[in-house]
Amino acid sequence: MDKARFFPQIKFFGEKLSDEISKKEVLVVGIGGIGSWIVEMLARMGVKKIGVLDYDRVEIHNLTRQNYREKDVGSLKVDTSEERVREINSKVMVEKFNEIKLEYFKKFDLFFDCVDNIDTKYLLNEISVYIGKPYIFGTISGNRGFFGYIDPKYFCFYDIYHGKRDCVSCRDEGIDVSSVFFISSLMVKLFIRSIFDPSPRVYHFNLSEFSIEEVKVKRKDCRICMRRDFEYSRDGSV
Ligand SMILES: [Zn+2]
């Protein structure tokens with residue numbers, strides 16, 4: 001690790017944890033409101049490699065909350081994110097993907113679910129169960145939402161939402177950019193925490209009330225992480 005560059009981080013986390021961070025290879029699925037900022041934070045923290053998975057182009061209304069500029073409108077988000085990472089930290093490797101394929105997820109230590117589509121969220125959950133890898137998810141609507149670190153050994157996303165399709169997403173009631181920064185930061189905090197404490201945890205927040213509380217998730221004969229009765233993928237593949 002480049003000590004001259006990272007000394008503020010080393011001072012806080014210590015050399016061992018900073019070193020662990022610098023070895024991590026992380027996939028960010030969906031680089032919109034939440035994902036684009038997570039990519040930025042991971043680049044500044046100096047992870048080894050960031051995978052960015054998205055097929056969208058930057059649109060003008062994205063600029064209210066996503067990490068893009070006017071000159072990026074019309075460009076693929078993966079291209080713009082790659083450029084952004086290179087400008088911040090040229091040592092971080094970037095790999096770009098424009099579709100969900102199981103083999104991409106196997107290559108990384110962990111992934112972030114930053115998509116706003118509930119079907120894709122269930123699909124990503126099934127992939128996590130299939131490959132046995134933890135992930136960090138976030139959902140947001142207005143100024144409230146859920147986020148958490150999920151390890152399918154203990155429970156999965158299905159145990160939180162039970163197949164319901166009305167979970168919050170940013171399309172429901174608009175978005176408050178301060179909530180986007182809030183949830184993105186805490187998802188990255190969960191990533192850091194997972195390196196020395198990989199226990200699963202889920203939180204609900206409501207920034208109207210300035211509240212955040214842990215949600216206790218109970219697993220009971222889960223069709224996905226216990227019975228592996230996948231719904232959105234075939235055998236966890238896509
Ligand atoms: Zn489950």
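Everything below is about the structure printed above this text.
Read on for a plain summary of the structure. (Residues numbered from 1 in each chain as written. Predicted model: local features only at pLDDT ≥ 70, side-chain atom pairs only at ≥ 80, totals over all residues. Heavy atoms only, no water.)

1. Things to note about the sheet that holds strand β5 (residues 135-141)
- Spatially, β3-β2-β1-β4-β5-β6-β7-β8 is the arrangement adopted by the eight strands of the open sheet, whose pairing is mixed. Of all the strands in the sheet, just β3 (93-97) and β8 (211-215) have a single pairing partner and so form its edges. Averaged over all pairs of adjacent strands, the angle between their axes in this sheet comes to 15°, without regard to strand direction.
- Where strand β2 (residues 49-53) lies against β3, five bridges are found, and the strand directions are parallel. Looking at β3, one finds that Ile 50 is bridged to Val 94.
- Strands β1 (25-29), β2 and β4 (110-113) of the sheet are contacted by helix α3 (residues 35-45), whose axis makes an angle of about 165° with β1.
- The sheet strands contacting helix α6 (residues 118-131) are β1, β4 and β5, and the helix crosses β5 at an angle near 165°. (Pairing = 2+ DSSP bridges. Helix = DSSP H or I, 4+ residues; strand = E, 2+ residues; numbered from the N terminus. Axes fitted to C-alpha atoms, helices over the stretch in contact; angles between N-to-C directions. Contact = heavy atoms within 4.5 Å.)

2. Here's the deal with the coordination of the zinc ion
- Within the protein, Cys 156 (SG), Asp 159 (OD), Cys 222 (SG) and Cys 225 (SG) serve as the donor atoms for the zinc ion, at 2.1 to 2.3 Å.
- Coordination at the zinc ion is tetrahedral, judged from the four donor atoms that bind it and the angles of 99 to 115° they form at the metal.
- Sequence spacing of the donor residues for the zinc ion, all on one chain, is C-x2-D-x62-C-x2-C. One end of the pair, Cys 156, is in the loop between β6 (144-150) and α7 (157-161); the other, Cys 222, is in the segment after β8, with 66 residues separating them in the sequence. Of the two residues examined, Cys 156 and Cys 222, each falls in the buried class. (Donors = N, O, S within 2.8 Å, 3.2 Å for Na, K, Ca; no water. Tetrahedral: all angles 85-135°; square planar, octahedral: opposite > 155°, others 65-115°. Buried < 20%, exposed > 50% of the residue type's maximum accessible area, 1.4 Å probe, protein only.)

3. With respect to unusual backbone geometry
- At His 162, a residue that is not glycine, the phi angle is positive and equals roughly 50°.
- Even without glycine at this site, Phe 210 takes up a positive phi of about 55°.
- Positionally, Phe 210 belongs in the loop between β7 (201-206) and β8.

4. Description of the packing of aromatic side chains
- Here the structure, examined in full by the defined rule, presents 17 aromatic pairs.
- Measuring from ring centre to ring centre gives 4.2 Å for Phe 97 and Tyr 104, while their planes differ by 25°; the resulting arrangement is stacked.
- Classification of Phe 97 as buried rests on a relative accessible area of 5%.
- Through pairs of rings, three or more aromatic residues link up here, namely Tyr 122, Phe 137, Phe 146, Phe 157, Tyr 158, Tyr 161 and Tyr 232. (Phe/Tyr/Trp six-rings, centres within 6.5 Å; stacked < 30°, edge-to-face > 60°.)

5. Considerations on the side chain of Arg 201
- Tracing the chain through its elements places Arg 201 in strand β7.
- Classification of Arg 201 as buried rests on a relative accessible area of 12%.
- In this structure the side chain of Arg 201 is engaged in a polar contact, spanning 3.0 Å, whose partner is the side chain of Asp 197.
- Engagement of the side chain of Arg 201 in a polar contact is seen with the side chain of Ser 199, the distance being 2.8 Å.
- Ignoring anything within four residues of it in the chain, the contact list for Arg 201 reads Phe 147, Gly 148, Tyr 149, Phe 155, Leu 190, Arg 193 and Glu 214. (Polar contact = N/O pair within 3.5 Å; in protein donor to acceptor, adjacent residues only side chain to side chain.)

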